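Here are the chains, one letter per residue:
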Amino acid sequence: MFENPEITIENLPRVDTVDWQSLDPKLKRMHQVQTLLIMLGTTIPLGFITFVAEIPARPAIAIWSMWAIILIISLGWPLISVPKRGYVVRDRDMLFKKGVIWRSVTAVPFNRIQHVETSNTPLDRKFGLATLQLFTAGGSGGDLKIDGLEASTAEQLRIYILRKVGSSIEHAE
């Protein structure tokens, strides 16, 4: 007969007691380099607008001041946001936390995973980083993407998760 016993709040597993693994610290530097490349790309059109189009001094100073503020914030943000991210691999699932202002913790059960992939951009490769992406059954709302893993760690996690997913399929049959 089907039973569904009630679980008290005190008996629920605690997320705050797990040992969170940090992302690779090189992710901070990579995000800063990415920001510099993007901002460098904006200086050419911005320079054209302010100098060639002969914008008056006050608006030009305002434009360049805003550009500098955006640059400073963009360079500083990874120093704050990257340490707030982390992951945990448990026996039946994987947890991922992120967020500075809006925080979230995502749990992806291994028995819901259909596909696991590692990828990296040219900039990721320069820093020895990779992204691990878990694709789950039931649509993209349950997918999980963890960037900023050391490339070898991402590959180890991919293989481990594929083994876990394979063993859960074998036990289901």
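Below is a short write-up of the structure. (Residues numbered from 1 in each chain as written. Predicted model: local features only at pLDDT ≥ 70, side-chain atom pairs only at ≥ 80, totals over all residues. Heavy atoms only, no water.)

1. What to know about the overall build of the chain
Per the secondary structure count, the chain includes four helices and seven strands. Reading the chain from its N terminus to its C terminus gives the helix and strand order β-α-α-β-β-β-β-α-β-β-α. Relative to a compact globule of 173 residues, whose C-alpha radius of gyration would be 16 Å, the chain shows 22 Å and is clearly more extended. Principal axes of the C-alpha set define a box for the chain whose edges measure 80 × 35 × 30 Å. Buried residues in the chain amount to 30% of all 173 residues. Considering only residue pairs separated by 6 or more positions, the chain has 51% of its internal contacts joining residues 24 or more positions apart. Total accessible area on the chain is roughly 11900 Å²; 60% of this is exposed by carbon and sulfur atoms. Averaging the locations of the 19 positively and 17 negatively charged side chains of the chain gives two centres separated by 9 Å. (Helix = DSSP H or I, 4+ residues; strand = E, 2+ residues; numbered from the N terminus. Rg over C-alpha atoms; globule rule 2.2 N^0.38 Å. Buried < 20%, exposed > 50% of the residue type's maximum accessible area, 1.4 Å probe, protein only. Contact = heavy atoms within 4.5 Å. Areas by Shrake-Rupley, 256 points an atom, 1.4 Å probe, with all protein chains shown as cover. Lys, Arg positive; Asp, Glu negative; His and termini not counted. Charge placed at Lys NZ, Arg CZ, Asp CG, Glu CD.)

2. A few points about the sheet that holds strand β6 (residues 129-136)
What holds strands together in a sheet is hydrogen bonding between their backbones, with the strands either parallel or antiparallel. Read across the open sheet, the three strands follow the order β5-β6-β7; overall the sheet is antiparallel. Where the open sheet ends on each side, the last strands, each with one partner, are β5 (113-119) and β7 (144-150). Between one strand axis and the next, the sheet turns through 20° on average, direction left out of account. As defined by bridge partners, β5 adjoins β6 across six bridges and the pair is classed as antiparallel. When the bridges of β6 are listed, Ser119 appears paired with Thr131. (Pairing = 2+ DSSP bridges. Axes fitted to C-alpha atoms, helices over the stretch in contact; angles between N-to-C directions.)

3. A short note on the nonpolar core
Ranked by internal contacts, the top residues of the largest apolar core, which has 24 residues, are Met94, Leu134 and Ile161. Elements represented by at least two residues in this core include exactly α1 (26-52), β3 (93-98), β5, α3 (122-127), β6, β7 and α4 (151-172). Contacts of Met94, omitting those with residues within four sequence positions, involve Tyr87, Val88, Val89, Thr106, Ala107, Val108, Phe110, Leu132, Leu134, Ile146, Leu157 and Ile161. (Core = buried A, V, L, I, M, F, W, Y, C linked by side-chain atoms within 4.5 Å.)

4. Notes on the pattern of salt bridges
Throughout the structure, instances matching the rule amount to five salt bridges. Measuring nitrogen to oxygen at the nearest pair gives 3.9 Å for the salt bridge that ties Lys26 to Asp24. Lys26 gets classed as partly exposed once you look at its relative accessible area, which sits at 36%. Ionic pairing is found between Arg85 and Asp147, a salt bridge with its closest N-O pair at 3.1 Å. Here Asp147 lies in strand β7 and Arg85 lies in the loop between α2 (57-81) and β2 (86-89), a separation of 62 residues in the sequence. The class of Arg85 is buried, set by a relative accessible area of 18%. (Salt bridge = Lys/Arg side-chain N within 4 Å of Asp/Glu carboxyl O.)

5. Some remarks on α1
For α1, with 27 residues, the first-to-last C-alpha span of 39 Å sits near the 39 Å given by 1.5 Å per residue. The sharpest bend along α1 comes to roughly 25°, located at Thr43, with the proline Pro45 sitting one to four residues further on. Three or more residues of α1 are buried, namely Leu27, Met30, His31, Gln32, Thr35, Met39, Leu46, Gly47 and Thr50. At its buried positions, α1 is contacted by α2, α3, β6 and β7. One or two positions beyond α1, positive phi appears at Glu54, with a value near 55°. (Expected span 1.5 Å × (residues − 1). Bend = angle between axes of the 7 residues up to and from the residue.)

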